[in-house]
Amino acid sequence: MADSPDKNKEDELAGTEQPFVAHLMELRDRLLYCIYGLAVAGILLAIWPGPAGLIDLVAIPIRAHMPPDAKLIAVGVFSPFFVPLKVLLMAAVLLALPWLMYQAWMFVAPGLYSHEKKFALPLIFFGSFLAYAGIAFVQFFVLDKMFGFIQHFTPASVAATPDIASYVESILSLYLAFGVAFQVPIVVMLLVRFDMVTIEKLKAFRGYFIVLAFVVAAVLTPPDVVSQLALAVPMCVLYEVGIVAARYFSKHTRAPEESADSAQP
């Protein structure tokens, strides 16, 4: 009796199994590569523009709404030292983000089938791009509008001189919130790709997602209308982008046997 096609089909992962210790060694190597990448990015940023230059860069949105000669203040004793280092570390992580994501990809790639590798690597770099887009949106649009809105309510008898540590903490939380929220298309595409939800159900869920987006924005952003709208509206737009992209993404990243099954009547 002839063997069935399934038995004759070679497993793409055959022979790639590794013992647990080998996985630990590989994980250690990837973590070390991540640390090396962060160190290189940190050194480059320390040389130019330097911690002081980075502080000046992130302070541009709030300085634009302060009196010409006004400066941010450092209330804490160690704030002039630790705050620039925190900003430098944040900038190093952002600069090295594609490298960090690539190391994550290299760790999981041996356990993926060829059709899975087709979408894993593009998704990693697309996710990095969306994170950059979210942070840039905060830096060049949200902060300026938010501080302009807040400054509008500041009494003339009050001198707004924010603390640099408090300011950095606030913008870091916004960077994180927008960087994560801008991953909505990735989440939508993966949900459809792994058959956890259909595109029709995503369309039907659209109204609920709008409400969810505004709830998330209210929780993650400061209590002002500008920043909440600036997060909720892009999330709704990106949800629609994810629905459109999911149709193409799911169709072109199926396993060969899945595509053949779907083609049968």
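Within each chain, residues carry numbers counting from 1 in the order of the written sequence. The predicted nature of this model means local features are confined to residues of pLDDT at least 70 and side-chain atom pairs, given and counted, to a pLDDT of 80 or more, with totals for whole chains, interfaces and linings taken over all residues. By convention in this description, side-chain values take in all heavy atoms of the structure and omit both hydrogens and water.

Caption draft 1: Expanded view of the overall build of the chain. Counting from the N terminus, the helices are DSSP H or I runs at least four residues long and the strands are E runs at least two residues long. Looking only at helices and strands, one finds 13 helices and zero strands in the chain. Mapped in sequence order, the helices and strands of the chain form the string α-α-α-α-α-α-α-α-α-α-α-α-α. Think of it in three bands: residues with accessible area under 20% of the maximum for their type are buried, residues over 50% are exposed, and the middle band is partly exposed, with areas taken using a 1.4 Å probe on protein chains only. Counting over 265 residues, the chain shows a buried share of 35%.

Caption draft 2: Representation of the packing of aromatic side chains within the structure. Between the rings of Phe, Tyr and Trp (Trp by its six-membered ring), a pair exists once the centres lie within 6.5 Å; its type follows the angle of the planes, with under 30 degrees stacked, over 60 edge-to-face, and the other angles tilted. Under the definition given, this model contains 12 aromatic pairs. Here Phe 178 and Phe 182 contribute two aromatic rings whose centre-to-centre distance is 6.3 Å and whose plane-to-plane angle is 45°, an arrangement assigned as tilted. Here the aromatic cluster, defined as three or more aromatic residues joined through ring pairs, consists of Phe 137, Phe 141, Phe 178 and Phe 182. Its end group placed over the ring of Phe 194, Arg 193 keeps NZ or CZ at 5.5 Å from the ring centre. Each ring is checked for a lysine NZ or an arginine CZ that lies within 6 Å of its centre and within 35 degrees of its normal; such an atom marks a charge sitting over the ring.

Caption draft 3: How the structure looks around helix 6 (residues 97–108). How far a helix is expected to stretch is found by multiplying one less than its residue total by 1.5 Å. With 12 residues, helix 6 ought to run about 16 Å at 1.5 Å a step, and its terminal C-alpha atoms sit 17 Å apart, in line with that. All of the buried residues along helix 6 are Leu 97, Leu 100, Gln 103 and Trp 105. On its buried side, helix 6 packs onto helix 2 (20–47), helix 5 (79–95) and helix 7 (114–152). Whether two residues touch is decided by their heavy atoms; if any such pair falls within 4.5 Å, the residues are in contact.

Caption draft 4: Quick peek at the pattern of salt bridges. Any carboxyl oxygen of Asp or Glu that lies within 4 Å of a side-chain nitrogen of Lys or Arg is treated as forming a salt bridge with it. Taken as a whole and judged by the stated rule, the model has four salt bridges. A salt bridge links Arg 206 to Glu 240, with the shortest nitrogen-to-oxygen separation between them at 2.5 Å. Note that Arg 206 is positioned in helix 11 (residues 206–220) and Glu 240 in helix 12 (residues 225–252), a separation of 34 residues in sequence. A relative accessible area of 28% means that Glu 240 is categorised as partly exposed.

Caption draft 5: Quick look at unusual backbone geometry. In this structure, the amide linkage connecting Trp 48 to the following residue, Pro 49, adopts the cis form with an omega of 5°. Considering the arrangement of structural elements, one finds Pro 49 in the loop between helix 2 and helix 3 (50–58). Look at Asp 195: it is not a glycine, yet its phi comes out positive at around 60°. Within the fold, Asp 195 resides in the loop between helix 9 (184–193) and helix 10 (199–204).

Caption draft 6: Structural detail: helix 9. Among the 10 residues in helix 9, seven count as buried, and that is most of the element. Every buried residue of helix 9 is listed here: Val 184, Pro 185, Ile 186, Val 188, Met 189, Val 192 and Arg 193. Asp 195 lies just past helix 9 and shows a positive phi near 60°.

Caption draft 7: Geometry of the nonpolar core. By size, the foremost hydrophobic cluster in this structure holds 56 residues, and its most contacted members are Leu 143, Tyr 167, Tyr 175 and Phe 178. Ranked by residue count, the leading element in this core is helix 12, at 10 residues. Leaving out residues up to four positions away in the same chain, Tyr 167 has contacts with Val 58, Ala 59, Pro 61, Ile 62, Leu 72, Leu 143 and Phe 147. To form a nonpolar core, buried Ala, Val, Leu, Ile, Met, Phe, Trp, Tyr and Cys residues must be joined to one another through side-chain atoms within 4.5 Å. Counting residues in each nonpolar core, the second largest holds five residues, with Trp 105, Ala 109, Leu 112 and Ile 124 among its members.

Caption draft 8: Structural view of the environment of Phe 182. Within the fold, Phe 182 resides in the loop between helix 8 (164–181) and helix 9. Owing to a relative accessible area of 9%, Phe 182 belongs among the buried residues under this scheme. Linking Phe 182 and Pro 234, residues 52 residues apart in sequence, is a C-alpha distance of 7.7 Å. If we skip the residues at most four places from it in the chain, Phe 182 touches Leu 130, Ala 133, Gly 134, Phe 137, Pro 234 and Leu 238.

Caption draft 9: The arrangement of the packing of helix 7 against helix 8 in detail. Helix 8 packs onto helix 7 with a crossing angle of 130° between their chain directions and a minimal axis gap of 8 Å. For the element pair helix 7 / helix 8, the angle class is oblique. Where helix 7 crosses over helix 8, the two elements pack in a sense that is right-handed. Listed contacts from helix 8 to Ala 131, Gly 134, Ile 135, Phe 137, Val 138, Gln 139, Val 142, Leu 143, Met 146 and Phe 147 of helix 7 are Tyr 167, Ile 171, Leu 174, Tyr 175, Phe 178 and Gly 179. For this classification, the nonpolar set comprises Ala, Val, Leu, Ile, Met, Phe, Trp, Tyr, Cys and Pro, the charged set comprises Asp, Glu, Lys and Arg, and every other residue, Gly included, is treated as polar. Class assignment of the residues belonging to the contact of helix 7 with helix 8 gives a composition of 13 nonpolar, three polar and no charged. For helices, the fitted line uses only the C-alpha atoms of the stretch in contact; every axis is such a line through C-alpha atoms, and the angle between N-to-C directions lies from 0 to 180 degrees. Each angle receives one of four descriptions, namely roughly parallel if under 35 degrees, roughly antiparallel if over 145, roughly perpendicular if within 65 to 115, and oblique otherwise. Left-handed is the label given to a crossing in which the near helix is rotated counterclockwise from the far helix by less than a right angle, and right-handed is the label when the rotation is clockwise.

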